[in-house]
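Take a look at the letters that make up each chain.
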Amino acid sequence: MAYYNRNGETLKIKRKKMQYLSSGECASVCHNNEIILKEYFSDTLINCRLGTKIFDILKDIDNNHFIKLFEIYSDMDLSEIIQYKANVRKFFVDAYTAEYYSDDSVNVLYESIDYILDNFNELEKLFDIFTDNLIITDDVKRKNSILSHSGIIIIDPDTFYTSSFPKQDIAVINKKELLTLFRSVCTSSIGKIENHDDILKKIVLDLTNIDIGSKTDITYEISKKLTYVKKPIDYLTK
């Protein structure tokens, strides 16, 4: 068995020379200094894997806040690759490659408010691109993002999918998902500090308590709450 792309070409990188990065319920990830290889477990369901259609759309999205996808692969033996080339076997995504990003684990609560507002302003534009492409985002959270000093990057779009819903409905779903990301990024940054529970409640019940519609500017709504502080933690502890 070997990994083949849709052109019948084998995976060129040497997996033995890559380092283990992480694993979850659906896949494991290894990397070198430039590329990640994400390999789905054999029992991972279809809706937890990138499909060919959504991959092609996402690959064409060139945005500094979204993972750069390279190629998808199917694990096939010789007979299966022959069947695939003869259009008898469908392409089943077992792995994909993408750009590797180093996570600086930036604590957004102690950064200048410019960091979180600037990043989420750009992320909101990115999510508008998803909406324009009729893509519904899913499972967007701190664990599936990179917090580097140069910016926040969405890295795990495996459960994103296209939809025939009206665009305004997709917009609402995506904006709610973006707000979920904001809440997740903030709550994961609390750490073991004094008044942990009080800060958590204020994040959930105050800072991220925003009514969402298809036209809601989430970053603007958050910025209004952070107007008179230098860092998010100042707002949460006052």
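Residues numbered from 1 in each chain as written. Predicted model: local features only at pLDDT ≥ 70, side-chain atom pairs only at ≥ 80, totals over all residues. Heavy atoms only, no water.

(A) Quick peek at the sheet that holds strand S2 (residues 19-23). Strand order in the open sheet made by the six strands is S1-S5-S6-S4-S3-S2, with antiparallel pairing throughout. Sheet topology places strand S1 (2-4) and S2 at the edges, where each strand pairs with a single neighbour. Ignoring strand direction, the axes of neighbouring strands in this sheet form an average angle of 30°. Looking at chain direction, S2 and strand S3 (residues 27-31) are connected through four bridges and run antiparallel. (Pairing = 2+ DSSP bridges. Helix = DSSP H or I, 4+ residues; strand = E, 2+ residues; numbered from the N terminus. Axes fitted to C-alpha atoms, helices over the stretch in contact; angles between N-to-C directions.)

(B) Just unusual backbone geometry, in detail. For Asn87, which is not a glycine, the phi torsion comes out positive at approximately 65°. Counting through the fold element by element, Asn87 comes out in the loop between helix H2 (78-85) and strand S6 (95-99). Phi at Asp139 is positive, roughly 60°, even though this residue is not glycine. Assignment of secondary structure puts Asp139 in the loop between strand S7 (135-136) and strand S8 (145-148).

(C) Representation of a nonpolar patch on the surface within the structure. Taken together, the side chains of Leu200, Val204 and Leu205 present a nonpolar region at the surface, about 240 Å² in accessible area. Residue placement: Val204 occurs in helix H5 (residues 196-207). Under the relative-accessibility criterion, Val204 is labelled partly exposed at 34%. (Patch = residues over 30% accessible without salt bridge, like charges linked within 9 Å, V, L, I, M, F, W, Y side chains within 5 Å. Areas by Shrake-Rupley, 256 points an atom, 1.4 Å probe, with all protein chains shown as cover. Salt bridge = Lys/Arg side-chain N within 4 Å of Asp/Glu carboxyl O. Buried < 20%, exposed > 50% of the residue type's maximum accessible area, 1.4 Å probe, protein only.)

(D) The arrangement of the nonpolar core in detail. With 61 residues, the main nonpolar core has Leu58, Phe66, Phe130, Ile154, Phe160 and Leu226 as its most contacted residues. Take this core: its biggest share by element is nine residues, from helix H3 (residues 113-132). Not counting residues up to four positions away in its chain, the partners in contact with Phe66 are Leu58, Ile61, Tyr101, Leu126, Phe130, Ile153, Ile154, Pro157 and Phe160. Tyr3, Leu11, Leu37 and Tyr73 belong to the second-largest nonpolar core, a separate cluster that totals seven residues. (Core = buried A, V, L, I, M, F, W, Y, C linked by side-chain atoms within 4.5 Å. Contact = heavy atoms within 4.5 Å.)

(E) Quick look at the side chain of Glu124. Along the chain, Glu124 falls in helix H3. Here Lys175 takes part through its side chain, which lies 3.2 Å from a polar atom of the side chain of Glu124. Apart from the residues lying within four places of it in its own chain, the contact partners of Glu124 are Lys175, Leu178, Thr216, Asp217, Ile218 and Thr219. (Polar contact = N/O pair within 3.5 Å; in protein donor to acceptor, adjacent residues only side chain to side chain.)

(F) The packing of helix H4 (residues 167-187) against H5, seen in detail. Between H4 and H5, whose axes approach to 10 Å, the crossing angle comes to 160°. Compared by their axis directions, H4 and H5 come out roughly antiparallel. For the crossing formed where H4 meets H5, the hand is right-handed. Contact with H4, carried on its side by Phe182, Arg183, Cys186 and Thr187, involves Leu200, Ile203, Val204 and Leu207 of H5 and no other residues of that element. Classifying every residue of the contact of H4 with H5 gives six nonpolar, one polar and one charged. (Parallel < 35°, antiparallel > 145°, perpendicular 65-115°, else oblique. Left-handed = near helix turned anticlockwise from the far one by under 90°. Nonpolar A, V, L, I, M, F, W, Y, C, P; charged D, E, K, R; others polar.)

(G) The arrangement of H4 in detail. Over its 21 residues, H4 extends 30 Å from the first C-alpha to the last, a length consistent with the 30 Å expected when each residue adds 1.5 Å. Buried within H4 we find Ile170, Ala171, Asn174, Lys175, Glu177, Leu178, Leu179, Leu181, Phe182, Ser184, Val185 and Cys186. Next to the buried residues of H4 lie H3, S7, S8, strand S9 (151-154), H5 and helix H6 (218-225). (Expected span 1.5 Å × (residues − 1).)

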